[in-house]
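A closer look at the structure
Listed below, chain by chain, are the residues.
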Amino acid sequence: MRTIHYYLLVNPTSGGGNGQLVCDKVCSLLQKKERSFSVLKTKYAGHEQKITAELTETVLTSWTEKENECFPLLVVIGGDGTLHGVVNQLYRMNKKLPIGYLPAGSGNDFARGNHLPLKTDQAFNHLIQTQKPRLINVIHYYEANREESGLILNNLGIGLDAAIVQRANESIAKRNLQRVHLNSFSYMIAAVKVLFQQKGFPVLIEYNGKTIGYSKAFLCTTTKHPYFGGGVKIAPSADSKAADFDLVFVERIPMIKILTLIFLLIRQKHTQSLDFHQVKTNQLRIVSTTPQYAQLDGEIFEKAPFDFTFTMATQAFWG
């Protein structure tokens, strides 16, 4: 069995302090297993990217099958935002390195969507029992106005969901609900507030050889798996293992219909509504000509016009 040195990149504040609790437990388990490890904690927003860059330049290496060498494995302990920062730092450095992940955030949608254990004991056992990486399907995006590209682990949305994420991230309610592991309710609270403010906006959508224009888009989300906002199953038929991704789309409709759609979403019957649209594709372009919020794996793009192109990509994960 090949030996591994685990470099634990920890966001101690993720999940309302859950990152530190998971780190403490994992360190104790590694000590009991007599496994070698190092701990590197983030101290400010974006610090995980700097740590990843430094480790990549000094100790991390690509995976090989050499049994006689100790493999340096980067393991992220944090939420979806921390994981997104690490993966995209590797992308910017053009490094094809595997990473491990122990979820410790408030939402943990990536772990849900890719069938990874959410409980620390189970996630830890899954990690140390793994002996080689596997490729996980993700989405590549390119935004033409900013000339910016990267990888999407969960989803990218323009309009309603982005406005909800922005409101939820700023809310006191989210911080309070994190402490009792009810983060999804903070998104519900934010949604109620945003629903009456968000207006329809024009978009152009190109997929599967079709070009369709809408004058009053409301929700426009590209996703690789079913989950959004801490376990809300917004795209039930999306499959993280499939060689495609999903576009979820809703136009601005009368408020009574929106409330009905939300009620159906709670009951997981929203796909039956004629106002809910979901398409599968492996290449997609979305152009929004008016300034809107956009969210990328829970991180906010400030209001701007957007021109996104989406294609398939992969990332190596340990487990």
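Described below are features of the structure shown in this document. Fair warning: this is a prediction, and the values are worked out from it, not measured in the lab.

Here is what the cut-offs are and how they apply
Residues numbered from 1 in each chain as written. Predicted model: local features only at pLDDT ≥ 70, side-chain atom pairs only at ≥ 80, totals over all residues. Heavy atoms only, no water. Helix = DSSP H or I, 4+ residues; strand = E, 2+ residues; numbered from the N terminus. Rg over C-alpha atoms; globule rule 2.2 N^0.38 Å. Buried < 20%, exposed > 50% of the residue type's maximum accessible area, 1.4 Å probe, protein only. Contact = heavy atoms within 4.5 Å. Areas by Shrake-Rupley, 256 points an atom, 1.4 Å probe, with all protein chains shown as cover. Pairing = 2+ DSSP bridges. Phe/Tyr/Trp six-rings, centres within 6.5 Å; stacked < 30°, edge-to-face > 60°. Expected span 1.5 Å × (residues − 1). Axes fitted to C-alpha atoms, helices over the stretch in contact; angles between N-to-C directions. Parallel < 35°, antiparallel > 145°, perpendicular 65-115°, else oblique. Left-handed = near helix turned anticlockwise from the far one by under 90°. Nonpolar A, V, L, I, M, F, W, Y, C, P; charged D, E, K, R; others polar. Salt bridge = Lys/Arg side-chain N within 4 Å of Asp/Glu carboxyl O.

Counting its secondary structure elements, the protein contains 9 helices and 15 strands. A compact globule built from 319 residues would reach a C-alpha radius of gyration of about 20 Å, and the protein, at 20 Å, matches this within 12%. Residues counted as buried form 54% of the 319 residues belonging to the protein. When contacts within the protein are restricted to residue pairs at least 6 apart in sequence, those whose partners lie at least 24 apart make up 72%. A total of about 14700 Å² of accessible surface is found on the protein, and carbon and sulfur atoms cover 52% of it.

On to the pairing of strand S4 (residues 99–103). Counted residue by residue, S4 has 5 buried out of 5 residues, so it is predominantly covered. Burial along S4 is two-sided: the face carrying Ile99, Tyr101 and Pro103 and the face carrying Gly100 and Leu102 are both buried. When strand S3 (residues 71–78) meets S4, the two strands line up parallel, connected through 5 bridges. Pairing of Leu74 across the sheet is with Ile99, part of S4.

A negative phi angle characterises most non-glycine residues, just as the trans form characterises most peptide bonds. Phi is positive for Asn94, which is not a glycine, with a value near 55°. Along the chain, the position of Asn94 falls in the loop between helix H3 (80–92) and S4. A relative accessible area of 61% places Asn94 in the exposed class.

A word on the packing of aromatic side chains. Inspection of every chain in the model, using the stated rule, returns 11 aromatic pairs. With 5.3 Å between their ring centres and 70° between their planes, Trp63 and Trp318 make a pair best called edge-to-face. Of this pair, Trp63 sits in the loop between helix H2 (47–58) and S3 while Trp318 is found in the segment after strand S15 (299–317), placing the two residues 255 residues apart along the sequence. You can call Trp318 buried: its relative accessible area is 4%. Both rings, one in Phe71 and one in Trp318, keep their centres 5.8 Å apart while their planes meet at 20°; by these two values the pair is stacked. Taken as a pair, Phe71 in strand S3 and Trp318 in the segment after S15 lie far apart in primary sequence, 247 residues in all. Pair check on accessibility: Phe71 and Trp318 agree, each one buried. By way of ring pairs, the aromatic residues Tyr141, Phe301, Phe306, Phe308 and Phe310 are connected into one cluster.

Further remarks concern the side chain of Thr42. Mapping Thr42 onto the fold places it in the loop between strand S2 (37–41) and H2. By relative accessible area, Thr42 is classed as buried at 10%.

The subject of this paragraph is helix H1 (residues 14–32). Along its 19 residues, H1 runs 25 Å from first to last C-alpha, staying within 8% of the 27 Å computed at 1.5 Å per residue. Taken together, the buried positions of H1 are Ser14, Gly15, Asn18, Gly19, Val22, Cys23, Val26, Cys27 and Leu30.

Let us look at the packing of H2 against H3. Between H2 and H3, the least distance of the axes is 8 Å, while the angle of their chain directions is 40°. Taken together, the axes of H2 and H3 lie oblique to each other. Regarding H2 and H3, the two cross each other, and that crossing is right-handed. Across the interface between the two elements, Glu48, Gln49, Thr52, Ala53 and Thr56 from H2 touch Gly81, Thr82, Gly85, Val86, Gln89, Leu90 and Arg92 from H3. Grouping the amino acids of the contact of H2 with H3 by side-chain chemistry returns 3 nonpolar, 7 polar and 2 charged.

Moving on, we come to the pattern of salt bridges. The tally for this structure, following the rule as stated, stands at 5 salt bridges. Ionic pairing is found between Lys280 and Asp246, a salt bridge with its closest N-O pair at 2.9 Å. Linking Lys280 in strand S13 (residues 277–281) with Asp246 in strand S12 (residues 245–251), this pair joins segments that are 34 residues apart in sequence. With a relative accessible area of 35%, Lys280 lands in the partly exposed category.

Okay, the pairing of strand S14 (residues 283–296) next. The side chains of a regular strand alternate between both faces of the sheet. The pairing of strand S7 (residues 155–159) with S14 spans 3 bridges and is classified as antiparallel. Bridging across to S14, Ile158 finds its partner in Ala294. Sheet analysis places strand S8 (residues 201–207) next to S14, joined by 5 bridges and oriented antiparallel. Residue pairing across strands places Tyr207 opposite Leu284, the latter belonging to S14. Count of turn residues in the S14/S15 antiparallel hairpin: 2 residues, of which Asp297 carries a positive phi of about 50°.

Honestly, it's all geometry; don't read function into it.
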